[in-house]
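# Structural overview
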Amino acid sequence: MKIYRLLTEDDTSAFCHKVSDALSKGWELYGDPTYAFDASNGVMRCGQAVTKEIEGSYSPDMKLGAQ
């Protein structure tokens, strides 16, 4: 079964580390990254979708980041 996550973070090295960590755990990039201005906080934000094939069935209670 394939699961999906959307990783988001302020436009700092923390975003790159978050994506790199997911990739090191078997997640794969899905689509292009996003980049937008967060007017509420006055910062640029990044986003990247990732997917991963896992064993078993999906449950809304599963912790996607722990997969």
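Further up the page is the structure itself.
As the structure is a prediction and not an experimental result, all values here were calculated from the model.

## Details of the nonpolar core
Counting residues in hydrophobic clusters, the biggest one holds 10 residues: Ile3, Leu7, Phe15, Val19, Ala22, Trp27, Cys46, Val50, Ile54 and Met62. Elements with a minimum of two residues in this core: β1 (2-10), α1 (13-24) and β3 (43-53). Of all the elements, α1 adds the most residues to this core, at three residues. Beyond its immediate chain neighbours, meaning those up to four positions away, Val19 contacts Leu7, Leu29 and Gln48.

## Topic: the pairing of strand β2 (residues 28-38)
For β2, a buried count of one out of 11 residues is recorded, marking the element as mostly open to its surroundings. When β2 meets β3, the two strands line up antiparallel, connected through eight bridges. Bridge pairing in β3 places Thr34 opposite Gly47. Between β2 and β3, which follow one another and run antiparallel, lie four residues, and Gly42 among them has a positive phi close to 70°.

## Looking at the packing of aromatic side chains
To describe a pair of aromatic rings, you give the distance between the ring centres and the angle between the ring planes. Within the structure shown, the criterion is met by one aromatic pair. Ring centres of Tyr4 and Tyr30 lie 6.3 Å apart, and the angle between their planes is 85°; on these two criteria the pair is classed as edge-to-face. Residue Tyr4 is found in strand β1, and its partner Tyr30 is found in strand β2; the two are separated by 26 residues along the sequence. Between the NZ or CZ atom of Arg5 and the centre of the ring of Trp27, over which it lies, the distance is 5.0 Å.

Cut-offs applied
- Residues numbered from 1 in each chain as written.
- Predicted model: local features only at pLDDT ≥ 70, side-chain atom pairs only at ≥ 80, totals over all residues.
- Heavy atoms only, no water.
- Core = buried A, V, L, I, M, F, W, Y, C linked by side-chain atoms within 4.5 Å.
- Buried < 20%, exposed > 50% of the residue type's maximum accessible area, 1.4 Å probe, protein only.
- Helix = DSSP H or I, 4+ residues; strand = E, 2+ residues; numbered from the N terminus.
- Contact = heavy atoms within 4.5 Å.
- Pairing = 2+ DSSP bridges.
- Phe/Tyr/Trp six-rings, centres within 6.5 Å; stacked < 30°, edge-to-face > 60°.
- Lys NZ or Arg CZ within 6 Å of the ring centre and 35° of its normal.

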